[in-house]
Amino acid sequence: MRAPLESLHVAVLMGGISSEREVSLDSGAMCADALEGQVAKVSRVDAGHDLAQVLMELKPDVVFNALHGAWGEDGCVQGILETLEIPYTHSGVTASALAMDKHRTKAVLKDAGVTVPAGGLFNRQDVASRHVLPVPYVAKPNRDGSSVGVHIVKEDDAPVAAIAGDEEARHGKQILVEPFIPGKELAVAVLGEASGPRALTVTEITSTRGFYDYEAKYSPGGSVHVLPAPLPPHVFDKALRQAELAHAALDCRGISRSDFRYDDVKDVLVLLEVNTQPGMTPTSLAPEQAAHAGLDYRTLVRWLVEDASCRR
């Protein structure tokens, strides 16, 4: 049985080596600040390839994983923590690795009864040279987050030549291409409680940039969050249930966030992807939804530490 929270030494992992490093530094700093005074000791760790050695020297009781993107969110760091037998927040190895792979995630969610977009993986050079789907469509990395590298190809646009060059080294030789779904951008955060996944609410996101990209997500004023989202009751409830179903199907734990598009003309709700380590910055959706549900930031962070475990 774990010691009382007030006696724990918690190491907060932040930064990391992915394209989402700066966001993770912000998330981690806020989480560490929130834990101060709630636990015995907080160690702030800018996680690098020497992470295992650093943790063996620090000997924390719990790790708060505030990393985002490749390595920190895809099962690699989770594997290190499992090997060291240190309880950690958020999802385990399998769920983390699966959710980072959007194409495989879609297959699992579809089998579980979640509505996901059509489309699939295509060779990057093919996407750069010709339209592999009827326009409009979305071309994006299969294994990245925060809308990094996402291209929306609209009527009369040329194929996405930009993805053929510098981005290949970062995003790989295959790219995920899906039909563009018009309508509303929605998000639902889910807490993996002992009684089962609990969706918090539905947020509608509008962006001053016309697309909810990296800058819109993390720049002050880059987007507007409306919660609870003004949706027909049947759509609102379906978004909650689909997010809970996705959390369970991927075997997530802690907190997750499902991102949706809702075509309000055709009345079609589609789940785009599941984020197993949602941002915890001042502009992030998950803590905002938790606050709406009655969990302030400090309480949410405390709950995540209490929920930490060491199981795949």
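Residues numbered from 1 in each chain as written. Predicted model: local features only at pLDDT ≥ 70, side-chain atom pairs only at ≥ 80, totals over all residues. Heavy atoms only, no water.

What follows covers the overall build of the protein chain. For the protein chain, the helix and strand inventory stands at 11 helices and 12 strands. Taken across its 312 residues, the protein chain has 54% of its residues classed as buried. Relative to all contacts within the protein chain whose residues are 6 or more apart in sequence, the contacts with residues 24 or more apart total 69%. Surface summary for the protein chain: the accessible area is close to 13,100 Å², and the carbon and sulfur share equals 53%. (Helix = DSSP H or I, 4+ residues; strand = E, 2+ residues; numbered from the N terminus. Buried < 20%, exposed > 50% of the residue type's maximum accessible area, 1.4 Å probe, protein only. Contact = heavy atoms within 4.5 Å. Areas by Shrake-Rupley, 256 points an atom, 1.4 Å probe, with all protein chains shown as cover.)

Attention now goes to the sheet that holds strand β5 (residues 137-141). Taking strand neighbours across the sheet as the criterion, the 4 strands line up as β4-β7-β5-β6 in an open arrangement whose pairing is antiparallel. Across the chains shown, the open sheet's two edge strands, defined by having one partner strand only, are β4 (120-123) and β6 (151-153). With direction set aside, neighbouring strand axes in the sheet form an average angle of 35°. As paired elements, β5 and β6 share 3 bridges and run antiparallel to each other. The residue bridging A139 from the neighbouring strand is H151, located in β6. Those strands touched by helix α5 (residues 102-111) are β4, β5 and β7 (174-179), and its axis lies near 45° from that of β7. (Pairing = 2+ DSSP bridges. Axes fitted to C-alpha atoms, helices over the stretch in contact; angles between N-to-C directions.)

So, about the packing of aromatic side chains. Going through the model one piece at a time under the given rule, you end up with 0 aromatic pairs. Across from the ring centre of Y88, 4.4 Å away, lies the NZ or CZ of R253, which sits over that ring. (Phe/Tyr/Trp six-rings, centres within 6.5 Å; stacked < 30°, edge-to-face > 60°. Lys NZ or Arg CZ within 6 Å of the ring centre and 35° of its normal.)

Now for the packing of helix α1 (residues 21-35) against helix α11 (residues 297-307). In contact at an axis separation of 9 Å, α1 and α11 are set at 90° when each is read in the N-to-C sense. In terms of their interaxial angle, α1 and α11 are classed as roughly perpendicular. In this structure, α1 uses S27, M30, C31, D33, A34 and L35 to contact α11, whose residues at the interface are Y297, R298, V301 and V305. Across the contact of α1 with α11, the residue classes tally to 7 nonpolar, 1 polar and 2 charged. (Parallel < 35°, antiparallel > 145°, perpendicular 65-115°, else oblique. Nonpolar A, V, L, I, M, F, W, Y, C, P; charged D, E, K, R; others polar.)

Further remarks concern the side chain of R257. Inspection of the secondary structure assignment puts R257 in strand β11 (residues 255-263). Taking relative accessible area as the criterion, R257 reaches 9% and is therefore assigned buried. Reaching out from R257, the side chain makes a polar contact with the side chain of D259 at a distance of 2.8 Å. (Polar contact = N/O pair within 3.5 Å; in protein donor to acceptor, adjacent residues only side chain to side chain.)

For the rest of this paragraph, the subject is the nonpolar core. Formed by 29 residues in total, the largest nonpolar core has its most connected members in V10, V12, L35, F64, V301 and V305. Listing elements by their share of this core, those giving two or more residues are β1 (9-14), α1, β3 (62-65), β8 (184-193), α10 (285-292) and α11. Ranked by residues supplied to this core, first place goes to α11 with 6 residues. Aside from chain neighbours lying at most four places away, what touches F64 is V10, A11, V12, L13, C31, L35, T89, H90, V301, L304 and V305. (Core = buried A, V, L, I, M, F, W, Y, C linked by side-chain atoms within 4.5 Å.)

Residues V135 and P136 are joined by a peptide bond in cis, for which omega reads 0°. Tracing the backbone through its elements, the reader meets P136 in the loop between α6 (124-129) and β5. A cis amide bond, omega -5°, links L227 with the succeeding residue P228. Mapping P228 onto the fold places it in the loop between β10 (223-226) and α9 (233-249). If you check the backbone angles, K59 has positive phi at about 55° while not being a glycine. Locating K59 in the fold gives a position in the loop between α2 (51-58) and β3. For K59, a relative accessible area of 61% corresponds to the exposed category. Despite not being glycine, W71 shows a phi value in the positive range, around 80°. Tracing the chain through its elements places W71 in the loop between β3 and α3 (76-84).

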